Each structure stands twice: as C-alpha cells, then as structure tokens.
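Each chain, written out:
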Amino acid sequence: MFSEPQSEQELLTRARDVAGLTLGELGARVEIEVPDEAVRAKGVAGQILEKALGATAASRAEPDFLKLGIELKTIPLDSAGKPKESTFVCSISLSTMADTDWERSTVFKKLSKVLFVPVEAASKTPLRDRRVGRAYLWAPNAEEQRRLRTDWERLAEMIAVGDVERITGHLGEVLQVRPKAPHGRSRRRAPDEEGAVQWTMPRGFYLRPSFTAAVLARLRALD
DNA sequence: TATTGATCATAT
DNA sequence: ATATGATCAATA
C-alpha cells in the first residue's frame, strides 16, 4: 500500500481508493497525527497523502513519484468546491535565474505532470474531519503551458535584471512570486540592478487559485 | 472578502 | 541552511 506505485494507472487507482476518507482516518493509516491547532498543521494534508500513496522520500528536489516523474499536490477546496489557496510550486534560486530558460526551469519540470488531490477545507470543518476528494492527473495543455510560460518569463526576467524587490504578488496572470520563508529574518542572495549581490527575502512560485480552479474544471469535464 | 505577504512543521 | 509540505493572517 505505501510502496512506490509502478505505473500512472496504479497511482491514480490508489489515489481514488482513498477518496472519501478523512485526514484523521488516512493519517492513522500512515501514522501521522493531525494536530488540533491549524496553524501548526500547514503541511499535514500533503504529508499524509505522500505517505499513503507511496511517494519517495520528501524534502528532495525530485518528483514525488520519481519513477513516474509525477508531482503530488493536495489542493484545499472551499465549501463551493473551489481552490481556497494558491498552490506552491517551488522555491526560487534567485541568483541563477539569469542562467536558465522556461524549458529548463524548475517550474516547467515540476508542472509537467501533476497528481492533484483535492481535500475538503471549509474552515468550519476541523482538519481531522476533512475528506479527501477525487484525484486527477494533469499535464498542462498548450494554452495552460503558454500562460505559465508568459508569466514565468516576465518574472524570471525581473529577477535576472535585479528587480526582485519590485515583484509583488500582483504580477502574473496564473503564476506569481511570493515570499517563501521559515520566518521574516531569512535572506537569500539575489542580483541587484548592477549585477552585484543583494540580500532579499526567499521567494517561491505559486499557482493562482483561479488557475487551478480552471485546471480542475477541465479535468472534471474530461472524466 | 479576496489577495498578498508572512509564517509553521519536518527532513536532509 | 535549504529543500519539501502548504496555510495563516494582515491588508487593500
């Protein structure tokens, strides 16, 4: 049950088999406690699903399902069935953005194939009682790819030319750059406008909820 | 109240 | 320290 799935079909079947279970129930199966305080439980849904579906070791710059090249993302849904939060994609290496391009980017690789597992997240429902939803396998279509690329290229360019401090969460139609740090004191190297080093807050790429909503709508329609 | 900016936990 | 897993909470 918790071994690495050997095919896409096996992964999808497993994911769909746990649909309907609560985080508390699934957490018990994989020996992960669901904390009472939500603020102390930000990543637990993802951790429970990783373990339950047989993702290979977490905390590595690799796909969750290495053999299949598939990334796992849990996605919190509000009472209307729409994504409640943005989806974190990856942290950004600010100092090497100038040396990469879209096809070689971490965002491109991470999003090439994703298993989305929706999780009920109506704020009135206690975390342990929230149910896992129907999972979908996603690969960006041409249009989604184009929109991601457009945003990525603009944001990457800003970082590369030293304008990282001018980036806000307002930029990007589907992909945005926002802080991603353990606390407010962390700093990362980034190029400044003269190409010298400046220290700034660590950041990551995130998918906007409106984008993941559209993706889920497309996948549901297909199935 | 939707969205941006800040933060929490665990693993290596 | 920095990667993973994200959601909280202040702001507009």
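Just above, that's the structure.
Figured I'd write up the structure that's included with this text.

So, how was this worked out
Residues numbered from 1 in each chain as written. Chains lettered and ligands numbered in written order. Predicted model: local features only at pLDDT ≥ 70, side-chain atom pairs only at ≥ 80, totals over all residues. Heavy atoms only, no water. Phe/Tyr/Trp six-rings, centres within 6.5 Å; stacked < 30°, edge-to-face > 60°. Buried < 20%, exposed > 50% of the residue type's maximum accessible area, 1.4 Å probe, protein only. Helix = DSSP H or I, 4+ residues; strand = E, 2+ residues; numbered from the N terminus. Lys NZ or Arg CZ within 6 Å of the ring centre and 35° of its normal. Pairing = 2+ DSSP bridges. Near = heavy atom within 4 Å. Polar contact = N/O pair within 3.5 Å; in protein donor to acceptor, adjacent residues only side chain to side chain. Nonpolar A, V, L, I, M, F, W, Y, C, P; charged D, E, K, R; others polar. Axes fitted to C-alpha atoms, helices over the stretch in contact; angles between N-to-C directions. Contact = heavy atoms within 4.5 Å.

1. Quick notes on the packing of aromatic side chains
Per the stated rule, a full pass over the model turns up five aromatic pairs. On the numbers, 5.4 Å between centres and 85 degrees between planes, the contact of Trp-102 with Phe-108 is edge-to-face. You can call Phe-108 partly exposed: its relative accessible area is 24%. Consider the rings of Trp-102 and Trp-152, whose centres lie 5.9 Å apart with planes at 55 degrees: the pair is tilted. One end of the pair, Trp-102, is in the loop between strand 2 (87-91) and helix 4 (106-110); the other, Trp-152, is in helix 5 (residues 142-160), and 50 residues separate them in sequence. A cation over a ring is seen here: Arg-16 above Tyr-136, with NZ or CZ 5.3 Å from the ring centre. Geometry around Tyr-206 places Arg-178 over its ring, the cationic atom sitting 4.2 Å from the centre.

2. Quick look at the pairing of strand 1 (residues 71-77)
Burial analysis of strand 1 places five of its seven residues in the buried class, which makes it a mostly covered element. One ladder, built from seven bridges, connects strand 1 with strand 3 (residues 114-120); its direction is parallel. Considered in strand 3, the bridge of Leu-72 is made with Leu-115.

3. Concerning the protein's contact with DNA strand B
Around DNA strand B sit 18 residues in total, of which Arg-40, Lys-42, Gly-169, Arg-178 and Ala-181 are the nearest. One nitrogen or oxygen atom from the side chain of Arg-178 is found 2.8 Å from a base nitrogen belonging to DNA strand B. Residue Arg-208 places a side-chain N or O atom 2.9 Å away from a phosphate oxygen belonging to DNA strand B. Here the surface near DNA strand B takes three residues from strand 5 (residues 175-179), the largest share from any one element. Of the residues contributing to the surface near DNA strand B, the split by class is six nonpolar, seven polar and five charged.

4. A few points about the protein's contact with DNA strand C
Taken together, the neighbourhood of DNA strand C is formed by 22 residues, with Glu-71, Thr-74, Lys-180, Arg-188 and Tyr-206 sitting nearest. Sugar and phosphate atoms constitute 64% of the interface atoms of DNA strand C, taking the interface as everything within 4 Å of the protein. In the model, a phosphate oxygen of DNA strand C is placed 2.9 Å from a nitrogen or oxygen of the Ser-91 side chain. Contributions of two or more residues to the surface near DNA strand C are made by helix 3 (44-53), strand 1 and strand 2. Per-element tally for the surface near DNA strand C: the top contributor is strand 1, with four residues. Classifying every residue of the surface near DNA strand C gives five nonpolar, six polar and eleven charged.

5. Some points on the sheet that holds strand 4 (residues 136-138)
Within a sheet, neighbouring strands are paired by backbone hydrogen bonds and run either parallel or antiparallel to one another. Overall, mixed pairing links the three strands, which are arranged 1-3-4 in an open sheet. In this open sheet, the two strands that pair with only one neighbour each are strand 1 and strand 4. Within the sheet, the average angular offset between the axes of one strand and its neighbour, ignoring direction, is 35 degrees. Packing against the sheet, helix 3 makes contact with strand 1 and strand 3, and its axis sits at approximately 135 degrees to strand 1.

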